[in-house]
Amino acid sequence: MRIAIAGGGLGGLTLARILHRHGIGAVVYEREASRSARSQGGLLDLHPESGQRALDEAGLTGEFRSEARPEGEEHRILDPAGRTLVHHRPEPGSFAGRPEIDRRVLRDLLLDAVPAGTVRWGHRLVAATPRPGGGFELGFEGGREAGCDVLVGADGARSVVRSLLTDAPLSHVATLAELGIADADRRHPDLAELVGPGNLWCVGASRILAAQRLGDGGIRVGISLPADGHPIDAYRDKHALLELFDGWDPRLTALIAAGDGPPTLRRIEAMPAGTRWAHRPGLTLVGDAAHLMPPVGEGANQAMLDAAELAAALAADSADPGAAIRAYEAAMFERIHPVAEMSARVQAMMLSPTAAEDIVRFFAPRPTER
Ligand SMILES: Cc1cc2nc3c(=O)[nH]c(=O)nc-3n(C[C@H](O)[C@H](O)[C@H](O)COP(=O)(O)OP(=O)(O)OC[C@H]3O[C@@H](n4cnc5c(N)ncnc54)[C@H](O)[C@@H]3O)c2cc1C
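Residues numbered from 1 in each chain as written. Predicted model: local features only at pLDDT ≥ 70, side-chain atom pairs only at ≥ 80, totals over all residues.

Asks: I tried to follow the overall build of the chain on my own but got confused; where do I start?
Replies: Along its length, the chain carries 12 helices and 17 strands. A compact globule built from 370 residues would reach a C-alpha radius of gyration of about 21 Å, and the chain, at 21 Å, matches this within 12%. Each principal axis of the C-alpha atoms in the chain carries an extent, and together these give about 65 × 45 × 40 Å. Buried positions account for 42% of the 370 residues belonging to the chain. (Helix = DSSP H or I, 4+ residues; strand = E, 2+ residues; numbered from the N terminus. Rg over C-alpha atoms; globule rule 2.2 N^0.38 Å. Buried ≥ 20, exposed ≤ 12 C-beta atoms within 10 Å, placed from the backbone.)

Asks: Just to check I follow, could you spell out the sheet that holds strand β4 (residues 75–78) for this structure?
Replies: Whether parallel or antiparallel, the strands of a sheet pair through hydrogen bonds between backbone atoms. The strand order β5-β4-β13-β14-β15-β12-β16 describes an open sheet built from seven strands, whose pairing is mixed. For this open sheet the edge positions go to β5 (84–88) and β16 (260–270), each flanked by a neighbour on one side alone. Across the sheet, the mean angle from the axis of one strand to that of its neighbour is 15°, orientation sign disregarded. Pairing analysis gives six bridges linking strand β13 (residues 199–204) to strand β14 (residues 207–213), with the strands arranged antiparallel. Across the sheet, Val 203 pairs through a bridge with Ile 208, a residue of β14. Sheet strands in contact with helix α8 (residues 250–257) are β4, β12 (171–181), β13, β14 and β15 (219–226), and its direction is about 70° off that of β14. (Pairing = 2+ DSSP bridges. Axes fitted to C-alpha atoms, helices over the stretch in contact; angles between N-to-C directions. Contact = placed C-beta atoms within 7 Å.)

Asks: Just checking my understanding: could you explain the sheet that holds strand β2 (residues 26–29) for this structure?
Replies: The five strands lie next to each other as β7-β2-β1-β11-β17, forming an open sheet whose pairing is parallel. At either end of the open sheet lies a strand with only one pairing partner, and these are β7 (119–120) and β17 (283–285). Note that strand β11 (residues 150–153) and β17 share three bridges and pair parallel. Bridge pairing in β17 links Gly 153 to Leu 285.

Asks: Hey, could you run me through the pairing of strand β1 (residues 3–6) in this one?
Replies: Every regular strand shows the same layout, with side chains that alternate between the two sheet faces. Of the two faces of β1, the one holding Ile 3 and Ile 5 and the one holding Ala 4 and Ala 6 are both buried throughout. Here β1 runs beside β2; their pairing, made up of four bridges, is parallel. By the bridge assignment, Ala 6 is partnered in β2 with Tyr 29. Taken together, β1, helix α1 (residues 10–21) and β2 form a β-α-β motif whose crossover is right-handed. (Right-handed = clockwise from strand over helix to strand, strands pointing away.)

Asks: Quick question: what am I supposed to make of the site of the ligand here?
Replies: Neighbouring the ligand are 30 residues; Gly 7, Gly 9, Gly 156, Gly 287 and Gly 299 lie closest to it. Listed by contribution, the elements that provide at least two residues to the shell around the ligand are α1, β3 (43–45), α9 (288–291) and α10 (299–316). Tallied by class, residues from the shell around the ligand come to 12 nonpolar, 10 polar and eight charged. (Near = placed C-beta within 6 Å. Nonpolar A, V, L, I, M, F, W, Y, C, P; charged D, E, K, R; others polar.)

Asks: Sorry if this is basic, but what is going on with unusual backbone geometry here?
Replies: The phi torsion of most residues other than glycine is negative, and most of the peptide bonds are trans. Positioned with a positive phi, Asp 183 is a non-glycine residue whose angle comes to about 50°. Along the polypeptide, Asp 183 turns up in the loop between β12 and α5 (184–187). A residue is classified by how many C-beta atoms lie within 10 Å of it, and Asp 183, with 13 of them, is partly exposed. Even without being glycine, Ser 206 reaches a positive phi, approximately 55°. Inspection of the secondary structure assignment puts Ser 206 in the loop between β13 and β14.

Asks: It is not clear to me how the domain arrangement of the chain should be interpreted in this structure. Could you clarify?
Replies: A common way to report how large an interface is uses the accessible area buried once the components associate. When the domains of the chain are assigned, the result is domain 1 (3–69 + 101–168 + 273–349) and domain 2 (171–270). The gap between the C-alpha centroids of domain 1 and domain 2 is 29 Å. Taken residue by residue, the interface counts 12 residues in domain 1 and nine residues in domain 2. For the side of domain 1 that touches domain 2, the residue count by class is eight nonpolar, two polar and two charged. (Domains from an automatic or database assignment.)

Structure below.
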């Protein structure tokens, strides 16, 4: 069984690693030229029931614990006047919750755990053509070709493989402007103290100014706006962003002013919650390729759990990969539907005109909690 995985992100690498532990080889085709070709972004919190479970099945819990930053779980939510609405402090040193880890560190940990040569860098998949006897011919940018019996699309938000299974549309759900502040402790100690060891969210009417502390001492700043009425091109410089936060506490907007360089702008997109497809032999999807959802803390966790469940199914039924994929897809569709609906609801709440009040209600302890 020749397994090809398109995409060497968190989903694709987790799959390759767990398959390897079961003695099943796979090749990961990754479009980027090398592991350091692109910045991997900020922090992720890994949930015990999904991301951490997958790492456990990958045999990497020890490595995760030595690289994770449980103190990064600390978060505060402020209103535009700088008043604290919510302040969560984790138990010192505890891994009981959702410890944070830098995305780059997590990806490196997975890359180091697959056999040498598993990842073929510089392979952007552009076509996958079914072969008459089963399997696929793969075509890569630049003209290279390869074949496989099973193709797994782990190629992210704009997946090429997805179109072989579903024509579910992507909708624009938010606009994100990102800024970086390097070496914050030395260059901006006041901002380093404001952000703390984890995440800070400043929530106003239909806009969020967020900041997170990275493991390298930098700060990543993100400004989220609803998709409607905010043309992405309007925010190519920091002054346009600062105008959006006119009247906010200047200690908060200093996070924008201190950004190194111009903002990086991103369209945040999502697939309809509940997307499913009819089974096709030898073909499936994991992660954002399967279920792109608003980024409220589930996407990477679910991508890694998809990978763990698909690997377990293929290992349990290696003589019949079609049956294994069918079983994986049925369980994944059931699991993802409520998660995607919840993510859409939280995203809408975070960017609503009454976000601050809604968030305080959302984080309020339930009657059974202390
Ligand atoms: C701003 C933001 C913040 C987020 N925060 C969180 C969070 O805190 N917690 C969380 O759980 N999730 C978070 N997410 C979601 C998370 O990033 C994704 O759900 C997760 O990365 C999906 O993993 P993946 O492996 O499916 O895709 P990706 O991580 O996108 O990996 C896809 C890989 O495929 C490669 N690729 C793409 N096309 C091709 C091609 N044609 N051929 C070959 N290779 C290709 C890419 O280069 C990439 O390496 C966030 C998302 C955003 C946008």
